[in-house]
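Here is how the chains run, residue by residue.
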Amino acid sequence: MFIQRRLIHASIHLFESGKKRPVDWNLPDLEKLPGGFRGKVYNKKDWSEYLAKNTKILEKEKVSDSKPKLLFKPPPQGWRKNKNLPQWMRDKYALKEKAMKIDLSTVKRLSPATAQAIRTLHDAFPEELPTSKLAEFFKASPVAIAKILKSRWVPTQKEAAKLQERYEKKIVKQVSEKLIENKFEEFIENMETKIKMEIPPFFRQELYEYYKQYGLESVKDDFEKLNNARIVKERLKNEKISKYIEEATNSLER
């Protein structure tokens, strides 16, 4: 009887203090997980199990990420001592040695029009615009600028048309993807302000995939249904709690 009264008093105290049930999800940010997103991690236990299983894989990935990936074969050892090599091969090996010191995965790729502009500028002002200044201006590596200046390949009319068509398709695809992403982010922000809750990352990812497949209107309808179901559930819980507190207070008064 004493324990029952203590529980009733504690529930009344919580109700009078105005403390609400937590509405936030304390989950790790799945976009920042090491080793990439290999699955949905919903709680702390799953996350610890995931780390225990994939520790070796994560360590290997950290080591591999720290080293720049080579996109070509390195030059043979001792090529400088070989006097029988022609000059063009020596230049090639020297460029490869320079490129090995640069992380080519982060190097900016230049379009054919930009490459042609670099050649034109260098031909017009060879002393004022050397390789270093062109690399600094176009934010590319000096090795890439040197290769562009060395190559004099000019596409035919048919090849140029194909390149232009491919470039336009790529631009249209990038712009459309960006517009879709911006619309989705705007929708998420509006929904979060409406329901006054932060949507967890894994649910946001599922919504984004559903949005790309079926469109925004279907996502809005389904989200409204889910939100209404959540509101009804919360209302029922609150009614049950208030009913329980009323019964407890009545029993105490008696």
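Residues numbered from 1 in each chain as written. Predicted model: local features only at pLDDT ≥ 70, side-chain atom pairs only at ≥ 80, totals over all residues. Heavy atoms only, no water.

- The name that an unreviewed UniProt entry assigns to the protein is Required for respiratory growth protein 9, mitochondrial, with the source organism given as Pichia inconspicua.
- Its UniProt record, at the heading Function (unreviewed entry), says of the protein: "Required for respiratory activity and maintenance and expression of the mitochondrial genome."
- Listed in UniProt under the heading Subcellular location (unreviewed entry), the comment for the protein reads: "Mitochondrion". (UniProt positions renumbered as here; feature names shortened; annotations may be inferred.)

1. Things to note about the overall build of the protein
And then number 1: When its secondary structure is counted, the protein shows ten helices and zero strands.
And then number 2: Along the chain direction, N to C, the helices and strands of the protein fall in the order α-α-α-α-α-α-α-α-α-α.
And then number 3: Every one of the 254 residues in the protein was classed for burial, and the buried ones make up 20%.
And then number 4: Of the contacts formed within the protein by residues at least 6 apart in sequence, a portion of 54% connects residues at least 24 apart.
And then number 5: In the structure as shown, the protein presents an accessible area of about 20700 Å², 56% of it carried by carbon and sulfur atoms. (Helix = DSSP H or I, 4+ residues; strand = E, 2+ residues; numbered from the N terminus. Buried < 20%, exposed > 50% of the residue type's maximum accessible area, 1.4 Å probe, protein only. Contact = heavy atoms within 4.5 Å. Areas by Shrake-Rupley, 256 points an atom, 1.4 Å probe, with all protein chains shown as cover.)

2. Comments concerning the nonpolar core
And then number 1: Listed in full, the twelve residues of the largest apolar core are F184, F187, I188, M191, I195, M197, I199, L207, Y208, Y211, V219 and F223.
And then number 2: With five residues, the top contributor of residues to this core is helix α8 (residues 157–195).
And then number 3: Core analysis: the next-biggest nonpolar cluster, separate from the first, contains nine residues, A115, F138, I148 and L149 among them. (Core = buried A, V, L, I, M, F, W, Y, C linked by side-chain atoms within 4.5 Å.)

3. Brief notes about the confidence of the model for the protein
A low pLDDT means the predicted coordinates there should not be read in detail.
And then number 1: Looking at the protein as a whole, the pLDDT averages 75, with 69% of positions reaching at least 70.
And then number 2: Mean pLDDT across the elements of the protein bottoms out in helix α1 (residues 2–17) (50) and peaks in helix α5 (residues 112–124) (88). (pLDDT = per-residue confidence, 0-100.)

4. What to know about the packing of helix α6 (residues 131–138) against helix α7 (residues 142–150)
And then number 1: Running from amino to carboxyl end, α6 crosses α7 at an angle of 115°, the nearest separation of the two axes being 9 Å. In this view, α6 runs roughly perpendicular relative to α7, as classed from their interaxial angle. In this structure, the crossing between α6 and α7 has a hand that is right-handed. Within the contact between the two elements, α6 uses T131, L134 and A135 and α7 uses P142, I145, A146 and L149.
And then number 2: Among the residues making up the contact of α6 with α7, the classes are represented as six nonpolar, one polar and no charged. (Axes fitted to C-alpha atoms, helices over the stretch in contact; angles between N-to-C directions. Parallel < 35°, antiparallel > 145°, perpendicular 65-115°, else oblique. Left-handed = near helix turned anticlockwise from the far one by under 90°. Nonpolar A, V, L, I, M, F, W, Y, C, P; charged D, E, K, R; others polar.)

5. Brief notes about the pattern of salt bridges
And then number 1: Evaluation of the coordinates by the stated rule reveals four salt bridges.
And then number 2: Between E97 and R80 there is a salt bridge whose closest N-O contact spans 2.9 Å. Taken together, the residues E97 in helix α4 (residues 87–100) and R80 in the loop between α3 (55–66) and α4 connect sequence positions 17 residues apart.
And then number 3: By relative accessible area, E97 is classed as partly exposed at 28%. (Salt bridge = Lys/Arg side-chain N within 4 Å of Asp/Glu carboxyl O.)

6. Things to note about α7
And then number 1: When α7 is considered as a whole, its buried residues turn out to be V143, I145, I148 and L149.
And then number 2: Lining the buried residues of α7 we find α4, α5 and α6.

7. Looking at unusual backbone geometry
As a rule of thumb, non-glycine residues mostly have phi less than zero, and peptide bonds are mostly trans rather than cis.
And then number 1: Even without being a glycine, K139 presents a positive backbone phi close to 55°.
And then number 2: Inspection of the secondary structure puts K139 in the loop between α6 and α7.
And then number 3: Since its relative accessible area comes to 67%, K139 is described here as exposed.

8. Here's the deal with α4
Two residues of an α-helix separated by three or four positions point the same way, owing to the 3.6 residues in each turn.
And then number 1: With 14 residues, α4 extends 20 Å from end C-alpha to end C-alpha; this agrees with the ideal 20 Å at 1.5 Å per step.
And then number 2: All of the buried residues along α4 are M89, R90, Y93, K96 and A99. (Expected span 1.5 Å × (residues − 1).)

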